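Inside the fold
This is what each chain is made of:
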Amino acid sequence: MNISNKAIITGISELKPLKEAGGKRTLDLLAESALLALEDANLEKGEIDGLIVTPPTEDSYFMWPSQVAEYLQLSPNFLDMIELGGASAAASVARAVLMIDAGICNNCLCLSGGVWDSQVFNSLDGKKAVMSQAEIDHELPYGPMGFNSAYAMITRRHMCEYGTRSEQLAKIPVAQRVNALLNPNALYNDKKITVEDVLSSPLIVDPIHLLEIVRPCSGAAAVIVSKQPNNKSRTSVSILGFGESYTHNSIVYAPSITDSPVKFAAAKAFSMANLLPQDINFVSIYDCYPIAVLITLEDAGFCPKGEGGNFLENNDLTYNGNLPCNTHGGQLSFGQASFAGGMSHIIEAVRQLRGEAGKRQVKNNNLAFINGNGGVLSTQCSLIMGRV
(Lines give C-alpha, C1' and ligand atoms only; values in the text may rest on other atoms or scores of the structure.)
Protein backbone atom coordinates (compact mmCIF):
# COMPACT_ATOMS: atom_id res chain seq x y z
CA MET A 1 0.00 0.00 0.00
CA ASN A 2 1.30 3.45 -0.90
CA ILE A 3 -0.30 6.34 1.01
CA SER A 4 2.52 8.89 0.61
CA ASN A 5 1.18 12.38 -0.07
CA LYS A 6 -2.43 11.17 -0.13
CA ALA A 7 -3.24 12.62 3.28
CA ILE A 8 -1.82 15.54 5.19
CA ILE A 9 -2.24 16.98 8.65
CA THR A 10 -3.73 20.43 8.22
CA GLY A 11 -4.73 21.32 11.76
CA ILE A 12 -3.61 20.61 15.30
CA SER A 13 -4.49 21.79 18.78
CA GLU A 14 -3.61 20.86 22.31
CA LEU A 15 -4.94 22.23 25.58
CA LYS A 16 -2.55 22.92 28.39
CA PRO A 17 -2.65 19.88 30.73
CA LEU A 18 -4.64 20.40 33.92
CA LYS A 19 -3.78 18.75 37.23
CA GLU A 20 -7.48 19.03 38.05
CA ALA A 21 -10.26 19.60 35.51
CA GLY A 22 -12.00 22.22 37.61
CA GLY A 23 -15.49 20.94 36.85
CA LYS A 24 -15.00 20.62 33.10
CA ARG A 25 -16.26 17.48 31.36
CA THR A 26 -14.60 15.53 28.56
CA LEU A 27 -17.08 17.03 26.08
CA ASP A 28 -16.05 20.53 27.13
CA LEU A 29 -12.37 19.79 26.62
CA LEU A 30 -12.93 18.11 23.25
CA ALA A 31 -15.04 21.00 21.98
CA GLU A 32 -12.40 23.54 22.94
CA SER A 33 -9.67 21.56 21.24
CA ALA A 34 -11.76 20.94 18.10
CA LEU A 35 -12.40 24.67 17.65
CA LEU A 36 -8.69 25.47 17.94
CA ALA A 37 -7.80 22.77 15.40
CA LEU A 38 -10.34 24.18 12.92
CA GLU A 39 -8.81 27.61 13.30
CA ASP A 40 -5.33 26.17 12.81
CA ALA A 41 -6.42 24.39 9.62
CA ASN A 42 -8.38 27.40 8.34
CA LEU A 43 -11.43 25.17 7.89
CA GLU A 44 -15.11 25.72 8.61
CA LYS A 45 -17.01 23.30 10.81
CA GLY A 46 -19.15 22.20 7.86
CA GLU A 47 -16.04 21.02 6.01
CA ILE A 48 -15.38 18.29 8.60
CA ASP A 49 -16.85 15.11 7.12
CA GLY A 50 -15.13 12.49 9.30
CA LEU A 51 -14.86 12.11 13.07
CA ILE A 52 -12.81 9.68 15.16
CA VAL A 53 -12.83 10.01 18.94
CA THR A 54 -11.34 8.19 21.90
CA PRO A 55 -13.65 7.20 24.81
CA PRO A 56 -14.47 9.48 27.72
CA THR A 57 -13.00 8.82 31.14
CA GLU A 58 -15.92 9.98 33.27
CA ASP A 59 -18.96 9.65 30.97
CA SER A 60 -20.95 6.88 29.32
CA TYR A 61 -19.35 5.14 26.33
CA PHE A 62 -22.81 4.53 24.81
CA MET A 63 -23.09 6.15 21.37
CA TRP A 64 -20.08 8.27 22.30
CA PRO A 65 -19.10 9.29 18.74
CA SER A 66 -22.70 10.41 18.16
CA GLN A 67 -22.68 12.30 21.46
CA VAL A 68 -19.52 14.15 20.42
CA ALA A 69 -20.78 14.88 16.88
CA GLU A 70 -24.03 16.24 18.29
CA TYR A 71 -22.25 18.37 20.87
CA LEU A 72 -19.96 19.81 18.18
CA GLN A 73 -22.88 20.13 15.73
CA LEU A 74 -21.12 18.07 13.06
CA SER A 75 -22.71 15.87 10.37
CA PRO A 76 -19.85 13.63 9.22
CA ASN A 77 -20.00 10.96 6.51
CA PHE A 78 -18.58 8.51 9.03
CA LEU A 79 -17.75 8.50 12.70
CA ASP A 80 -16.02 6.04 14.97
CA MET A 81 -14.60 5.49 18.44
CA ILE A 82 -11.20 3.91 18.98
CA GLU A 83 -9.88 2.47 22.26
CA LEU A 84 -6.36 1.08 22.04
CA GLY A 85 -5.02 2.74 25.16
CA GLY A 86 -1.94 4.83 24.47
CA ALA A 87 -1.96 3.71 20.83
CA SER A 88 -5.40 5.23 20.24
CA ALA A 89 -4.24 8.64 19.00
CA ALA A 90 -1.77 7.28 16.45
CA ALA A 91 -4.28 4.64 15.36
CA SER A 92 -6.98 7.28 14.86
CA VAL A 93 -4.68 9.17 12.49
CA ALA A 94 -3.91 5.95 10.61
CA ARG A 95 -7.62 5.20 10.24
CA ALA A 96 -8.30 8.74 9.05
CA VAL A 97 -5.74 8.20 6.29
CA LEU A 98 -7.53 5.00 5.26
CA MET A 99 -10.90 6.77 5.15
CA ILE A 100 -9.46 9.56 3.01
CA ASP A 101 -7.71 7.11 0.71
CA ALA A 102 -11.03 5.26 0.29
CA GLY A 103 -12.76 8.48 -0.73
CA ILE A 104 -15.11 8.45 2.25
CA CYS A 105 -14.11 11.86 3.57
CA ASN A 106 -11.89 14.85 2.84
CA ASN A 107 -11.27 16.27 6.32
CA CYS A 108 -11.27 13.92 9.32
CA LEU A 109 -11.19 15.31 12.84
CA CYS A 110 -9.34 13.05 15.32
CA LEU A 111 -10.14 13.95 18.92
CA SER A 112 -8.58 12.64 22.13
CA GLY A 113 -8.89 13.72 25.72
CA GLY A 114 -10.49 13.21 29.07
CA VAL A 115 -10.87 14.18 32.69
CA TRP A 116 -8.46 12.57 35.14
CA ASP A 117 -9.03 14.08 38.56
CA SER A 118 -7.06 12.58 41.44
CA GLN A 119 -10.03 12.37 43.79
CA VAL A 120 -11.78 10.05 41.31
CA PHE A 121 -9.03 7.88 39.87
CA ASN A 122 -6.91 7.34 42.96
CA SER A 123 -9.73 5.23 44.40
CA LEU A 124 -10.01 1.47 43.92
CA ASP A 125 -12.98 1.93 41.58
CA GLY A 126 -11.01 4.49 39.59
CA LYS A 127 -8.11 2.09 39.16
CA LYS A 128 -10.47 -0.67 38.08
CA ALA A 129 -11.85 1.66 35.41
CA VAL A 130 -8.59 1.35 33.44
CA MET A 131 -8.04 -2.37 34.06
CA SER A 132 -9.31 -5.28 31.98
CA GLN A 133 -11.52 -7.90 33.60
CA ALA A 134 -8.64 -10.39 33.35
CA GLU A 135 -6.44 -7.99 35.34
CA ILE A 136 -9.16 -7.41 37.94
CA ASP A 137 -9.80 -11.15 38.33
CA HIS A 138 -6.29 -12.58 38.16
CA GLU A 139 -3.82 -9.82 39.06
CA LEU A 140 -5.44 -7.25 41.38
CA PRO A 141 -6.22 -9.77 44.19
CA TYR A 142 -2.51 -10.53 44.52
CA GLY A 143 -1.46 -6.94 45.07
CA PRO A 144 0.11 -5.63 41.82
CA MET A 145 -0.06 -1.87 41.37
CA GLY A 146 -1.44 -1.96 37.85
CA PHE A 147 0.83 -0.54 35.17
CA ASN A 148 3.53 0.35 37.71
CA SER A 149 4.05 -3.31 38.63
CA ALA A 150 3.87 -4.54 35.04
CA TYR A 151 6.45 -2.09 33.72
CA ALA A 152 8.63 -2.71 36.77
CA MET A 153 8.72 -6.41 35.85
CA ILE A 154 9.63 -5.54 32.27
CA THR A 155 12.36 -3.19 33.47
CA ARG A 156 13.86 -5.76 35.84
CA ARG A 157 13.74 -8.47 33.19
CA HIS A 158 15.52 -6.24 30.67
CA MET A 159 18.19 -5.53 33.27
CA CYS A 160 18.67 -9.25 33.88
CA GLU A 161 18.72 -10.21 30.20
CA TYR A 162 20.86 -7.39 28.82
CA GLY A 163 22.63 -5.70 31.73
CA THR A 164 20.65 -2.48 31.43
CA ARG A 165 21.30 -0.16 34.37
CA SER A 166 19.07 2.25 36.26
CA GLU A 167 21.51 5.08 35.51
CA GLN A 168 21.01 4.54 31.79
CA LEU A 169 17.21 4.52 32.00
CA ALA A 170 17.24 7.66 34.17
CA LYS A 171 18.73 9.59 31.25
CA ILE A 172 15.30 9.52 29.57
CA PRO A 173 13.35 11.58 32.15
CA VAL A 174 16.39 13.84 32.53
CA ALA A 175 16.61 14.56 28.78
CA GLN A 176 12.87 15.04 28.50
CA ARG A 177 12.88 17.51 31.39
CA VAL A 178 15.49 19.54 29.47
CA ASN A 179 12.96 19.70 26.63
CA ALA A 180 10.05 20.50 28.94
CA LEU A 181 11.90 23.50 30.40
CA LEU A 182 11.38 25.13 26.98
CA ASN A 183 7.70 24.17 26.73
CA PRO A 184 5.43 26.66 28.52
CA ASN A 185 2.54 24.17 28.44
CA ALA A 186 4.36 21.34 30.21
CA LEU A 187 3.21 20.41 33.72
CA TYR A 188 6.82 20.20 34.91
CA ASN A 189 8.84 23.00 33.33
CA ASP A 190 10.22 24.87 36.30
CA LYS A 191 13.08 22.70 37.54
CA LYS A 192 15.92 20.79 35.94
CA ILE A 193 16.50 17.24 37.17
CA THR A 194 19.60 15.04 37.17
CA VAL A 195 20.18 11.30 37.05
CA GLU A 196 20.87 11.48 40.77
CA ASP A 197 17.52 13.21 41.33
CA VAL A 198 15.71 10.45 39.47
CA LEU A 199 17.43 7.63 41.34
CA SER A 200 17.00 9.29 44.73
CA SER A 201 13.27 9.91 44.20
CA PRO A 202 11.00 7.44 46.07
CA LEU A 203 11.15 3.86 44.86
CA ILE A 204 7.54 3.04 43.91
CA VAL A 205 7.86 -0.47 42.49
CA ASP A 206 11.40 -1.80 42.30
CA PRO A 207 13.24 -0.74 40.14
CA ILE A 208 10.96 2.18 39.07
CA HIS A 209 11.27 5.51 40.87
CA LEU A 210 8.71 8.29 41.21
CA LEU A 211 10.34 10.48 38.54
CA GLU A 212 10.11 7.57 36.08
CA ILE A 213 6.31 7.32 36.25
CA VAL A 214 3.92 9.19 33.98
CA ARG A 215 1.72 11.92 35.49
CA PRO A 216 -2.00 11.54 34.61
CA CYS A 217 -3.91 14.79 34.17
CA SER A 218 -6.87 16.26 32.27
CA GLY A 219 -6.83 17.75 28.79
CA ALA A 220 -7.58 17.27 25.12
CA ALA A 221 -5.91 17.41 21.73
CA ALA A 222 -7.03 17.30 18.10
CA VAL A 223 -5.57 16.54 14.69
CA ILE A 224 -7.28 17.18 11.36
CA VAL A 225 -6.25 14.81 8.57
CA SER A 226 -7.13 16.09 5.09
CA LYS A 227 -7.03 14.97 1.50
CA GLN A 228 -3.97 16.17 -0.41
CA PRO A 229 -3.81 18.81 -1.74
CA ASN A 230 -5.50 21.21 0.64
CA ASN A 231 -4.70 24.76 -0.38
CA LYS A 232 -6.29 26.32 2.69
CA SER A 233 -3.64 25.13 5.11
CA ARG A 234 -0.72 27.47 5.67
CA THR A 235 1.58 24.55 6.53
CA SER A 236 1.03 20.86 5.88
CA VAL A 237 2.63 17.66 7.10
CA SER A 238 2.38 14.49 5.07
CA ILE A 239 1.70 11.04 6.55
CA LEU A 240 4.17 8.76 4.77
CA GLY A 241 3.58 5.44 6.46
CA PHE A 242 1.91 3.66 9.36
CA GLY A 243 1.81 0.23 10.93
CA GLU A 244 -0.08 -1.46 13.73
CA SER A 245 0.47 -4.66 15.69
CA TYR A 246 -0.81 -6.49 18.76
CA THR A 247 0.36 -9.49 20.77
CA HIS A 248 -1.51 -9.55 24.11
CA ASN A 249 -3.59 -7.59 26.61
CA SER A 250 -2.56 -8.85 30.06
CA ILE A 251 1.19 -9.18 30.64
CA VAL A 252 0.47 -12.76 31.77
CA TYR A 253 -0.09 -13.69 28.12
CA ALA A 254 2.80 -11.70 26.59
CA PRO A 255 5.03 -13.90 24.38
CA SER A 256 8.01 -12.02 25.80
CA ILE A 257 7.99 -9.09 28.19
CA THR A 258 11.16 -7.56 26.73
CA ASP A 259 10.10 -7.82 23.09
CA SER A 260 7.22 -5.71 21.85
CA PRO A 261 4.93 -5.60 18.80
CA VAL A 262 6.63 -2.29 17.96
CA LYS A 263 8.96 -4.48 15.91
CA PHE A 264 6.14 -5.32 13.50
CA ALA A 265 4.30 -1.98 13.59
CA ALA A 266 7.45 0.03 12.90
CA ALA A 267 8.57 -2.35 10.14
CA LYS A 268 5.23 -1.88 8.37
CA ALA A 269 5.47 1.91 8.69
CA PHE A 270 9.03 2.08 7.37
CA SER A 271 8.20 -0.25 4.51
CA MET A 272 5.17 1.80 3.50
CA ALA A 273 7.22 5.01 3.60
CA ASN A 274 10.18 3.36 1.85
CA LEU A 275 12.45 4.62 4.60
CA LEU A 276 14.81 3.24 7.26
CA PRO A 277 15.35 4.23 10.91
CA GLN A 278 18.60 5.97 10.00
CA ASP A 279 16.63 8.34 7.75
CA ILE A 280 14.65 9.72 10.70
CA ASN A 281 15.60 13.12 12.15
CA PHE A 282 13.72 12.92 15.45
CA VAL A 283 11.38 10.59 17.33
CA SER A 284 8.20 11.07 19.35
CA ILE A 285 7.70 7.94 21.46
CA TYR A 286 5.07 7.03 24.04
CA ASP A 287 6.86 7.31 27.37
CA CYS A 288 4.66 6.11 30.21
CA TYR A 289 7.88 4.70 31.72
CA PRO A 290 11.52 4.92 30.53
CA ILE A 291 11.61 1.22 29.65
CA ALA A 292 8.84 1.81 27.09
CA VAL A 293 11.07 4.32 25.28
CA LEU A 294 14.12 2.02 25.44
CA ILE A 295 12.27 -1.02 24.07
CA THR A 296 10.63 1.08 21.35
CA LEU A 297 14.03 2.36 20.20
CA GLU A 298 15.31 -1.21 20.10
CA ASP A 299 12.35 -2.86 18.43
CA ALA A 300 11.84 -0.04 15.90
CA GLY A 301 15.44 -0.51 14.76
CA PHE A 302 17.21 2.56 16.10
CA CYS A 303 19.65 0.30 17.93
CA PRO A 304 20.21 -3.48 18.16
CA LYS A 305 18.12 -5.52 20.58
CA GLY A 306 19.60 -5.51 24.06
CA GLU A 307 21.83 -2.48 23.41
CA GLY A 308 19.26 0.13 24.40
CA GLY A 309 21.02 0.92 27.66
CA ASN A 310 24.32 1.64 25.94
CA PHE A 311 22.48 3.58 23.25
CA LEU A 312 20.95 5.86 25.89
CA GLU A 313 24.30 6.28 27.58
CA ASN A 314 26.10 7.28 24.38
CA ASN A 315 23.50 9.44 22.64
CA ASP A 316 21.84 12.77 23.35
CA LEU A 317 18.02 12.65 23.26
CA THR A 318 17.44 16.34 24.04
CA TYR A 319 16.01 18.72 21.42
CA ASN A 320 19.52 19.72 20.29
CA GLY A 321 21.00 16.21 20.47
CA ASN A 322 21.81 13.71 17.75
CA LEU A 323 18.45 11.91 18.12
CA PRO A 324 15.90 14.31 19.64
CA CYS A 325 13.21 12.38 21.51
CA ASN A 326 9.95 13.74 22.90
CA THR A 327 10.92 17.36 22.47
CA HIS A 328 7.76 18.56 24.22
CA GLY A 329 8.95 16.90 27.42
CA GLY A 330 7.17 13.60 26.88
CA GLN A 331 4.39 12.46 29.13
CA LEU A 332 6.89 12.17 31.99
CA SER A 333 7.24 15.96 32.08
CA PHE A 334 4.49 17.33 29.81
CA GLY A 335 1.77 15.17 31.35
CA GLN A 336 -0.56 12.38 30.24
CA ALA A 337 -3.95 13.92 29.50
CA SER A 338 -5.87 10.66 29.38
CA PHE A 339 -6.11 9.44 25.76
CA ALA A 340 -4.64 12.76 24.61
CA GLY A 341 -1.36 11.68 26.18
CA GLY A 342 -0.55 9.74 23.04
CA MET A 343 -1.81 12.58 20.86
CA SER A 344 0.75 14.93 22.44
CA HIS A 345 3.51 13.03 20.63
CA ILE A 346 1.80 13.59 17.28
CA ILE A 347 1.14 17.27 18.00
CA GLU A 348 4.78 17.85 18.90
CA ALA A 349 6.01 16.05 15.78
CA VAL A 350 3.80 18.27 13.62
CA ARG A 351 5.10 21.39 15.36
CA GLN A 352 8.67 20.30 14.76
CA LEU A 353 8.03 19.45 11.11
CA ARG A 354 6.36 22.84 10.61
CA GLY A 355 9.27 24.61 12.29
CA GLU A 356 6.97 25.99 15.01
CA ALA A 357 8.59 24.53 18.14
CA GLY A 358 10.25 27.76 19.22
CA LYS A 359 13.33 27.47 21.42
CA ARG A 360 13.18 23.66 21.37
CA GLN A 361 13.11 23.46 17.56
CA VAL A 362 15.27 20.63 16.24
CA LYS A 363 17.90 21.48 13.62
CA ASN A 364 16.94 18.79 11.12
CA ASN A 365 13.17 18.51 10.83
CA ASN A 366 12.35 16.63 7.63
CA LEU A 367 11.25 13.21 8.94
CA ALA A 368 9.67 12.05 12.20
CA PHE A 369 8.93 8.64 13.71
CA ILE A 370 6.00 8.52 16.15
CA ASN A 371 4.85 5.54 18.20
CA GLY A 372 1.81 4.95 20.38
CA ASN A 373 1.85 2.21 23.02
CA GLY A 374 -1.36 0.71 24.35
CA GLY A 375 -1.47 -1.20 27.63
CA VAL A 376 1.65 -3.06 28.74
CA LEU A 377 3.57 -3.01 25.44
CA SER A 378 0.44 -4.62 24.03
CA THR A 379 -0.97 -2.71 21.04
CA GLN A 380 1.39 -0.54 19.02
CA CYS A 381 0.84 1.97 16.24
CA SER A 382 3.75 3.62 14.42
CA LEU A 383 3.56 6.67 12.15
CA ILE A 384 6.13 8.24 9.85
CA MET A 385 5.52 11.84 8.90
CA GLY A 386 7.43 14.33 6.78
CA ARG A 387 7.31 17.88 5.53
CA VAL A 388 5.28 18.42 2.35
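Residues numbered from 1 in each chain as written. Predicted model: local features only at pLDDT ≥ 70, side-chain atom pairs only at ≥ 80, totals over all residues. Heavy atoms only, no water.

Okay, the pairing of strand E10 (residues 367-374) next. With eight of eight residues buried, E10 lies mostly within the body of the structure. In E10, alternate side chains face the same way, and those of Leu367, Phe369, Asn371 and Asn373 on one face and Ala368, Ile370, Gly372 and Gly374 on the other are all buried. The sheet contact formed by strand E9 (residues 282-285) and E10 spans four bridges and is parallel. Counterpart to Val283 in the pairing with E10 is Phe369. Summarising the sheet, E10 and strand E11 (residues 379-387) pair through eight bridges and their orientation is antiparallel. (Buried < 20%, exposed > 50% of the residue type's maximum accessible area, 1.4 Å probe, protein only. Helix = DSSP H or I, 4+ residues; strand = E, 2+ residues; numbered from the N terminus. Pairing = 2+ DSSP bridges.)

Let us look at the UniProt feature "domain: Thiolase C-terminal" (unreviewed entry) in the protein. According to UniProt, the feature "domain: Thiolase C-terminal" (unreviewed entry) maps to residues 243-387 in the numbering used here. Segment residues 243-387 splits into 33% helix and 17% strand. End C-alpha atoms: 19 Å apart. (UniProt positions renumbered as here; feature names shortened; annotations may be inferred.)

Before going further, it helps to examine the nonpolar core. Counting residues in each nonpolar core, the largest one holds 46 residues, and the members touching the most others are Tyr151, Val283, Leu297, Phe302, Phe369 and Ile384. Breaking this core down by element, the ones donating at least two residues are helix H7 (147-162), helix H8 (166-180), helix H10 (262-273), E9, helix H11 (290-299), helix H12 (308-314) and E10. Ranked by residue count, the leading element in this core is H11, at six residues. With residues near it in sequence (within four places) discarded, Phe369 still touches Ala266, Phe270, Ile280, Phe282, Val283, Ser284, Thr296, Ala300, Phe302, Ser382, Leu383 and Ile384. The next biggest cluster of nonpolar side chains, apart from the first, holds 42 residues, and it includes Ile9, Val97, Cys217 and Val350. (Core = buried A, V, L, I, M, F, W, Y, C linked by side-chain atoms within 4.5 Å. Contact = heavy atoms within 4.5 Å.)

Glancing now at H10. In this model, H10 (twelve residues) spans 16 Å end to end at C-alpha, consistent with the 16 Å of a helix rising 1.5 Å per residue. Here H10 has its buried residues at Val262, Ala265, Ala266, Ala269, Phe270, Met272 and Ala273. The buried residues of H10 occupy an angular sector of 165° when the element is viewed end-on, so they sit on one face. Relative to its buried face, H10 has exposed residues pointing more than 90 degrees away, namely Lys263 and Ser271. Its buried side turned inward, H10 meets strand E8 (237-246), H11, E10 and E11. One or two steps after H10, the chain reaches Asn274, where phi turns positive at roughly 55°. (Expected span 1.5 Å × (residues − 1). Arc of directions from axis to C-beta.)

What follows covers the side chain of Ser284. Topologically, Ser284 is positioned in strand E9. The class of Ser284 is buried, set by a relative accessible area of 2%. At a separation of 2.8 Å, a polar atom in the side chain of Ser284 contacts the main-chain carbonyl oxygen of His345. Setting aside anything within four residues of it in sequence, one finds Ser284 in contact with Asn326, His345, Glu348, Ala349, Phe369, Ile370 and Asn371. (Polar contact = N/O pair within 3.5 Å; in protein donor to acceptor, adjacent residues only side chain to side chain.)

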